[in-house]
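# Close look at the chain arrangement
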Amino acid sequence: MAIVTDLAQNMVDSMRCLLDSWCDGPEAGAPYIGGESSMKRLIVDTHASSCYFRTSAGGDGRKALVQITERCNLHCAHCFVSSTQVGADMPLAAFTDEVLPRLMRVRVQRMTLTGGEPFVHPDLLAMCRAVIESGLPLGLCTNATQTSDSQIAELAQLGGVHVNVSFDGFRPESHGRFRGSKASFATTVATTRKFAAAGLLQGLLSTPNALTRPDEFADLCTFAVEVGAQYVLMNPLSSFGRGVKSRGRLAADSDAMRAIQAVTARFADQLDVVKIRFPNDTLPLGGCDAGRLVYVFADGQVAVCPYLVFAARTPPSMYQDAEFLTGNILGPHDTVGDALDGYDFHQRFAVGDNPTCASCALNSGCGKGCPAAVVARGGLIGDLDAEQCPVAEPGHRPRLPLASMTR
């Protein structure tokens, strides 16, 4: 017979009516919340936002992120792919003749072009045109320092394109220094205004860090409202890519993250303030959408989740990156569909397979968090996502009562 403490039971009761909208628990995916039928929101008020992504694809579809270049003109302290000014570009013909049609055959419903910095690719506009002509909505993630007025005009004329711009603070001394060029801040602000004026701007993406002051995020939200951005998405500096070395000295601590949450709360009725992996004291965790959020590297390798691959490449990892790759999309034979459809992450790995999750009153309604975050810390998939878990601190010391099992 399970004996659940009053506090834990109250938490469960208060969430039960909200959790009923989930099908077979979070592993089956969150409910659709507004927007296009092809989009699924991963950010829901009932769960801590543990996944690094904001949206996925609806139904049995997929969302794809395509790294069209490894190159970037900046040198950001947190870069997941450790981009420099040197690297490979995906050829235009490879993208239009192989990558795009093959992704569409595996039910990709939404696409984002990324890098590196996508605007350094010489054929970016032709790639964008190919995506739009295929009927897919298209996103671009950019530092907004390499974009010309003519490119903005052509993107606006295409229709169906939206742009997300990165701001890691809202001063040259924070954003610019974090990205390796203080002069970049003014250019990013000016170009973001141009994206907004052209109807292209969708959101602002930010990595809170030790160089920023909490009040800068209120300034960032004020700017977002001014230019008509739909959301400001913030997530902490994580141990992927260059973040492995920079996190110890540049990550914002828990107190700073809570202060940022406090100063941005007043903007909730003006835009979507999305807080990824912020300190979590009460909520069960979101789940993992690996296999539905695919990533194509510039060399054609396909990942079931980019963060699992980035995590596997960190020094503490107990996994090889090949465990999360399904082959190469480039080549004479189109095998990406069978490989992706045959890869079921939650059949291969048991997320939340640990004593804390097993004895927790929130277990049945909890998605167990992000396995990539666990892998990057040197853990096994199945270990507790201790950075996000509301019932145990890192080190797995209980901070909320667990359900105790007796016979």
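Residues numbered from 1 in each chain as written. Predicted model: local features only at pLDDT ≥ 70, side-chain atom pairs only at ≥ 80, totals over all residues. Heavy atoms only, no water.

## Remarks on the sheet that holds strand β5 (residues 108–114)
Keep this limit in mind: What makes two strands pair is DSSP finding at least two bridges between them. Labels follow the DSSP assignment, with helices taken as runs of H or I lasting at least four residues and strands as runs of E lasting at least two, numbered in each case from the N terminus. Axis lines are fitted to C-alpha atoms, over the contacting stretch for helices. Their N-to-C directions set the angle, which ranges from 0 to 180 degrees. Every residue pair with non-hydrogen atoms within 4.5 Å of one another is taken to be in contact.
The sheet built from 10 strands is open, its strands ordered β10-β9-β8-β7-β6-β5-β4-β11-β12-β13 with mixed pairing. Both edges of this open sheet fall to β10 (272–275) and β13 (325–328), since each of them pairs with a single strand only. For this sheet the average axis-to-axis angle between neighbouring strands, irrespective of direction, equals 20°. Pairing between strand β12 (residues 301–303) and β13: two bridges, direction antiparallel. Bridging across to β13, A303 finds its partner in L325. Together, β8 (201–206), β9 (231–234) and β10 form the strand contacts of helix α7 (residues 215–227), whose direction differs from that of β8 by roughly 170°.

## Considerations on the pattern of salt bridges
Our working rule: Throughout this description, the term salt bridge denotes a Lys or Arg side-chain nitrogen within 4 Å of a carboxyl oxygen of Asp or Glu. Buried, partly exposed and exposed residues are distinguished by accessible area as a fraction of the type maximum, computed with a 1.4 Å probe on protein chains only: under 20%, between the cut-offs, and over 50%, respectively.
All told, the structure shown has 21 salt bridges when counted by the stated rule. One salt bridge connects R71 with D89, and the closest N-O pair in it is separated by 2.9 Å. In this pair, R71 is assigned in the loop between β4 (62–67) and α2 (92–105) and D89 in the loop between β4 and α2, connecting sequence segments 18 residues apart. For D215, the salt bridge goes to R213, with nearest N and O atoms at 3.4 Å. Exposure remark for D215: the relative accessible area of 36% places this residue in the partly exposed category. Judged by its relative accessible area of 40%, R213 falls in the partly exposed class. Here the salt bridges share partners, and the residues they tie into one network are R247, R277, R377, D385 and E387.

## Examining the packing of α7 against helix α9 (residues 254–264)
What counts here: Should the near helix be turned anticlockwise from the far one by less than a right angle, the crossing is left-handed, and should it be turned clockwise, the crossing is right-handed. The nonpolar class holds Ala, Val, Leu, Ile, Met, Phe, Trp, Tyr, Cys and Pro. Asp, Glu, Lys and Arg form the charged class, and all remaining residues, Gly among them, are polar.
Close contact between α7 and α9 brings their axes to 8 Å; oriented N to C, the two are set at 35°. Of the two elements, α7 crosses α9, and the hand of that crossing is right-handed. The segment α7 lies against α9, with F217, A218 and C221 engaging I260, V263 and T264. A breakdown of the residues in the contact of α7 with α9 according to their chemical character gives five nonpolar, one polar and no charged.

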